[in-house]
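# Residue-level structure breakdown
Listed here are the chains, written in short residue letters.
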Amino acid sequence: MITQMLFRALDRKTAWVALLILIAAAAVPLANLYLPASNPLHVPDYAVPLFGKYLTYAMLALALDLVWGYCGILSLGHGAFFALGGYAMGMYLMREIGPRGVYANPILPDFMVFLNYKALPWYWNGFDNFWFAALMVVLVPAALAFAFGWFAFRSRVTGVYLSIITQALTYALLLAFFRNDMGFGGNNGLTDFKDILGANIQAGTTRAALFAASGIALALALLVCSMIVNSKLGKVMVAVRDAESRTRFLGYRVENVKLFAFVVSAVIAGIAGALYVPQVGIINPSEFEPANSIEIVIWTAVGGRGTLIGPIIGGILVNFGKSIFTGWLPDYWLFALGGLFVFVTLFLPKGIVGTVTGLWVSTRRRPVVAAAEVLQPEPEAAE
Amino acid sequence: MTEVNRVLAGLGLAAAISTGILMPQMAVAADDTIKVGILHSLSGTMAISETTLKDTMLFLIDQQNKKGGLLGKKLEAVVVDPASDWPTFAEKARELISVDKVAAVFGCWTSSSRKSVLPVFEELNSLLFYPVQYEGEESSRNIIYTGAAPNQQAIPAVDYLMKTEGVKRFVLEGTDYVYPRTTNKILEAYLESKGIAKEDILINYTPFGFSDWQTEVSKIKTFGSAGKKTAVVSTINGDANVPFYKELGNQGLKATDIPVIAFSVGEEELAGLDTKPLVGHLAAWNYFESIDTPANKKFISAWHTFIKNDKRVTNDPMEAAYIGFNAWVKAVEAAGSTDTDKVIDSIVGVSVPNLSGGYATVMPNHHITKPVLIGEIQGNGQFDIVQQTASVVGDEWSDFLPDSAPLISDWRKPMACGNFNTKTGLCGGTTKAVAAK
Amino acid sequence: MPSFRLLPIALLLFGICFGFAAPAFAQASNIADLVNALGVGGFPEREAAIKALVDSHDPHVNEILQELNDGRLFVSSDGGRVYLQGGTADAPTYADPITGAVAADVDPDTMGKVKINNAVRTLLSSAMSQLTLRSPDRAARLAAARDLLKDADPANLALLDTALAAETDATVKSTMEAARAVIMLKTSASDADKKAAIDTIAARGNKDALTILTTALASAPADLKPAVQADIDAITRNLQVWDVAQNVWYGLSLGSVLLLAAIGLAITFGVMGVINMAHGEMVMLGAYTTYVVQETVRSVAPGLLDYSLAFAVPAAFLFTALVGVAIERGIIRWLYGRPLETLLATWGLSLILQQAIRTVFGPTNRQVINPTWMSGSFDFGGLAITQNRLWIVVFAIVVFVILQLVLNRTSLGLQMRAVTQNRRMASAMGIRTPFVDAMTFGLGSGIAGMAGVALSQIDNVSPNLGQNYIIDSFMVVVFGGVGNLWGTLVGALTLGVANKFLEPYAGAVLGKILILVFIILFIQRRPRGLFALKGRAVEQ
């Protein structure tokens, strides 16, 4: 009974945050579009895509937290799923340019024209359709995560080994996407987008709509994650995190639990990437950099690993800090950023949320207790 | 509920901080200074090249202010760090234009960073001066390209190799990204048009930051042992150059056997190398520190005074930044305003002295005229100029790529088009063209 | 540069005016005029002037050509006299290149270097080699013979024959014979002579011989062509075999670089379990230490500059080990048992260290010189082995052996192993675990610093140096098996060799991708790497 009440409280907390995000998703675009510039609450034009970008980063951190904070899988390659989602969206946006490219080629994107491509590579087919692209945003990261996770979790690759091979994964993809022969624009990536769903991508209303979409997507992702971690499956995930072998000996299919979490996380990351691309206007292989993936881990840790709100706060706060400091202290901001990471690990080991709420013990211990209470031989959802 | 309140309070605080931080910046935008944005990476992989350009811009702005500023106002540099991250370039460009309200931006090094900021400059109608040699195939109304296009660097370089060195066989060695790919495509077409057989051209690509050149250098040696005079045309990027040249030196590949001509190796890159084994290898640029003109000597000594280090070298992108900055100053003076549209109108045709004793003119295609210099590496890390051409107009749409050959760019009114197709008579890429079809 | 372009015209006019007098002029000209002619006109005129100078057979010629080659000859922009530059860069002096008398009235600002280009440089080396072919110095003779072999000018045949007759050293002699053979192919010698020449060249069996024969094939007499072709095929086959060996060598040398970069990590990460993202920065600090030591040696004892690396190795070890101990005491020790948090802290630290180096030394590359004993290459059979790579392989082996000895034969090593295997038990046995932790981390960092000394010889000395090796290092350690130094050794060499065998076929980019995919798949097969630890330690 006590646990059930706690769940409700947890749910309410998450619901509050989700509501807050939704309010922001509506308020910021409205304040941008309808408040006059003189109004102190007016959100300037440049801030909308910037804040929108933070929201997608927050979503990415949330995705990582689902596998790291709740399932104990430290992925150092989550940027790969984000970037794949981004590329799927970028390919749609490139096709959407149509004959308005500089060479006025109705089919081929500009970079293919000057590199003497004669025809569109087969994997670019279909991306002129938004819904196909949207499907790919979900499917490609999911497929990669499934294939990778299927082998890795079945072979019981764990701990640092798993972390390092996820890093190898994103590094291999980085090198592959850098290759011009891959047909994804090489180092320059995909850029100079014109329209999304027929709306001018540079228009204020489109930006506002994208911001709102990012906010809604983040809120939905938060609810989905909350549902997962508060379900029975979520308890098993935590059990896997805290004592993998023991959970396995108890009869759970650990690899399936992990695979489920990993695929869901990859999908959320992919959607975040798809929303990121139209707001920043470029997708290129540097998103696959292992350093970027490590940064995601850091956002999550700064915000608070193993809480759902932590990564959102961490993702927004660290990136906001970066934006500020790269402008204020261009020569010294790395000291500040590096110092922040050292400081957080040494003095705020539970992250901002964990430390601020002081509830680390209850959020960490009770689900384990709960998992022990609801032990069942085979959780349905894990199959 | 307490934790909810705390979270709410935290978010509220964050919002307060963000508005607190962003608002004052906006408030100080209209001042009696003219702000100039500097968008060069000061951290990350590109810091190695770009930091010098940031210093150069600060130096040029300092000099201009000593001369009394511009339009009676002082110039104020706004430096940001896009951290070698291409999306951050776009973010920072937007910040410079929207928040700091800069009159013009000087920045970018890699093509990717330029591609990333291009839509931002066009959307917000601001002006970017891009000081690095690049692959061409671009002409934006809002960008002035003061570095070399391929015809101002690559093509004269292979001409030199064929004429002076009698080279009959070419290795096109590059880092796998767009600049080498495009340049090599252009060179391949050009060489074939000059009667070089396909089997006498070897094209090879390596990843960024490649550091183990043993196999590649020995491949070059093998390719060069076919009995015809062979040369390497290198579009190897930044970091990978030092290990490449170290390997060349150690494997004893002498310039008199197989010369290497590079497009991305200047004085700055050589500063990290012992150049004695490399004497005679070549580079093609539009400027070398060793140019013997009074203007260059003055520039170098002023630079040394400003940077307080008389060992700091100068290089080609620095000259391009110098030309770009002076052209902007002159265009602003002519327009009597820093308004982007007025400056874009007045900048075409502006001529400013370059450092090699001539003039650089901003052409209607937003590229500039530049002489092409071929230099040989010396033991002291400098280049000896062995050939200098008259000024060449930058050709943004290469004549050696089938789809770009019919395109021209002219930003003067009434044409005002960056990719006018002389075959179809349409300005490509605009809705106008689509409608006409 | 306008004067530069006008000069040929002026010279032409000059030539027309004195056209009739030219032969007399050439004879009457003394050596001083010939030297001054070096400063006139463009590169073609310079080549002519050099030829004239060589033909004068003046005893000073060799010296002057050398000075020209070294870029020490200067010409005044007004008078056209050529001087030899001496003194320092800030206060140059100008002397007469023949008499050595210093000219006091020369304004340095009006002096310009007598430039040479590759064509002139080739001519110079050929001209100098003719003059040094009978030098008493064996190295000079060998260099001259090699130049002649490359140049193969039939005009040198007589010279070569005289030198050959007097030559005693076998290597020099064989090079001269090869040069003679190549020249023979260019002359109108009899087919029998040419056949003999081809055999001489084919006997050398290396890439140069292949070049010569391929060139000769086109101009060879019809009945000799099959023989030449057969020789070419034989050499090609032979070289293919050597190619495999060459790839193995390249792989080993790449592997030893990977080993050096990874072995420090094998201790901090593999043995201690600290995910040390600042490992690359330790390597970078080692490289910068090398630079600082070199600059110190340059200012204190310039004569020892060639051996500054020998001082740099212990200096880099000590410095990075100290930094490592400081990091361990300051940060890592609070994080034991939380390995993933060490990742965050050390990542932050790596950002700080990079930016600190950038602030102190500037963002650009620093120049670390290659000592002469580490420069150049030599042939071993059909293998071309570069000295610096050889030394790095040796260095990697020495470091590995010493490390094994330290871990297995010293009491500190025993304590390290005890602490990492069972901390509480070790502590109960009276081992000061905090001290051992600090020493272990210091050892790992110190070795990374020594790797930095080696890498300074082949890579950029820049703030980004470490970043380029950190991922590869982690791959090597994980592939080899965490906690096992032998695994790191085998892992590094395997990946190095595999990479070098893939590179010629797949290209450098694809080769690297394939290696990464291979590692991912390999870890699926053996989730704990090549040499997995067994027993209870596994579950930690």
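Residues numbered from 1 in each chain as written. Chains lettered and ligands numbered in written order. Predicted model: local features only at pLDDT ≥ 70, side-chain atom pairs only at ≥ 80, totals over all residues. Heavy atoms only, no water.

## Observations concerning the overall build of chain B
- What chain B contains, in helices and strands, is 13 helices and 17 strands.
- Rg of the C-alpha trace for chain B: 23 Å, near the compact-globule value of 22 Å for 437 residues, within the 12% margin.
- Seen along its three principal axes, the alpha-carbon backbone of chain B occupies a region of about 75 × 55 × 55 Å.
- Of the contacts made within chain B by residues no fewer than 6 positions apart, 65% connect residues no fewer than 24 positions apart.
- Carbon and sulfur atoms provide 56% of the accessible area of chain B, an area that totals close to 13600 Å².
- A distance of 3 Å separates the average location of the 40 positive side-chain charges in chain B from that of its 50 negative side-chain charges. (Helix = DSSP H or I, 4+ residues; strand = E, 2+ residues; numbered from the N terminus. Rg over C-alpha atoms; globule rule 2.2 N^0.38 Å. Contact = heavy atoms within 4.5 Å. Areas by Shrake-Rupley, 256 points an atom, 1.4 Å probe, with all protein chains shown as cover. Lys, Arg positive; Asp, Glu negative; His and termini not counted. Charge placed at Lys NZ, Arg CZ, Asp CG, Glu CD.)

## Topic: the domain arrangement of chain B
- According to the domain assignment, chain B contains domain 1 (151-285) and domain 2 (406-437).
- Just the C-alpha atoms count here: the centres of domain 1 of chain B and domain 2 of chain B sit 36 Å apart. (Domains from an automatic or database assignment.)

## Some points on the packing of aromatic side chains
Residue and element names in this part refer to chain A.
- Under the definition given, this model contains 55 aromatic pairs over all chains.
- Between the aromatic rings of F130 and W131, the centroid separation amounts to 5.0 Å while the plane-to-plane angle is 85 degrees, which identifies the pairing as edge-to-face.
- A residue is classified by how much of its surface remains accessible, and F130, at 16% relative accessible area, is buried.
- When its relative accessible area of 63% is taken as the criterion, W131 is described as exposed.
- Between F177 and F288, the ring centres sit 4.7 Å apart and the planes meet at 35 degrees, which makes this aromatic pair tilted. Of this pair, F177 sits in helix α6 (residues 159-178) while F288 sits in the loop between β4 (282-283) and α11 (290-303), and the two are 111 residues apart along the sequence.
- Take F288: its relative accessible area is 0%, and that puts it in the buried class. (Phe/Tyr/Trp six-rings, centres within 6.5 Å; stacked < 30°, edge-to-face > 60°. Buried < 20%, exposed > 50% of the residue type's maximum accessible area, 1.4 Å probe, protein only.)

## Examining the pairing of strand β6 (residues 377-380) of chain C
Residues and elements named next belong to chain C.
- Here β6 runs beside strand β7 (residues 383-386); their pairing, made up of 4 bridges, is antiparallel. By the bridge assignment, D379 is partnered in β7 with A384.
- Where β6 hands over to β7, the hairpin turn is made up of 2 residues, of which G381 adopts a positive phi near 65 degrees. (Pairing = 2+ DSSP bridges.)

## Digging into the sheet that holds strand β15 (residues 407-410) of chain B
Residue and element names in this part refer to chain B.
- As summarised here, the arrangement of the 3 strands in space is β15-β16-β17, forming an open sheet in which the pairing is antiparallel. Whereas interior strands pair on both sides, the edge strands pair on one side only; in this sheet they are β15 and β17 (426-427).
- Direction of pairing for β15 relative to strand β16 (residues 417-421): antiparallel, over a ladder of 3 bridges. Along β16, the bridge assignment pairs L407 with N421.

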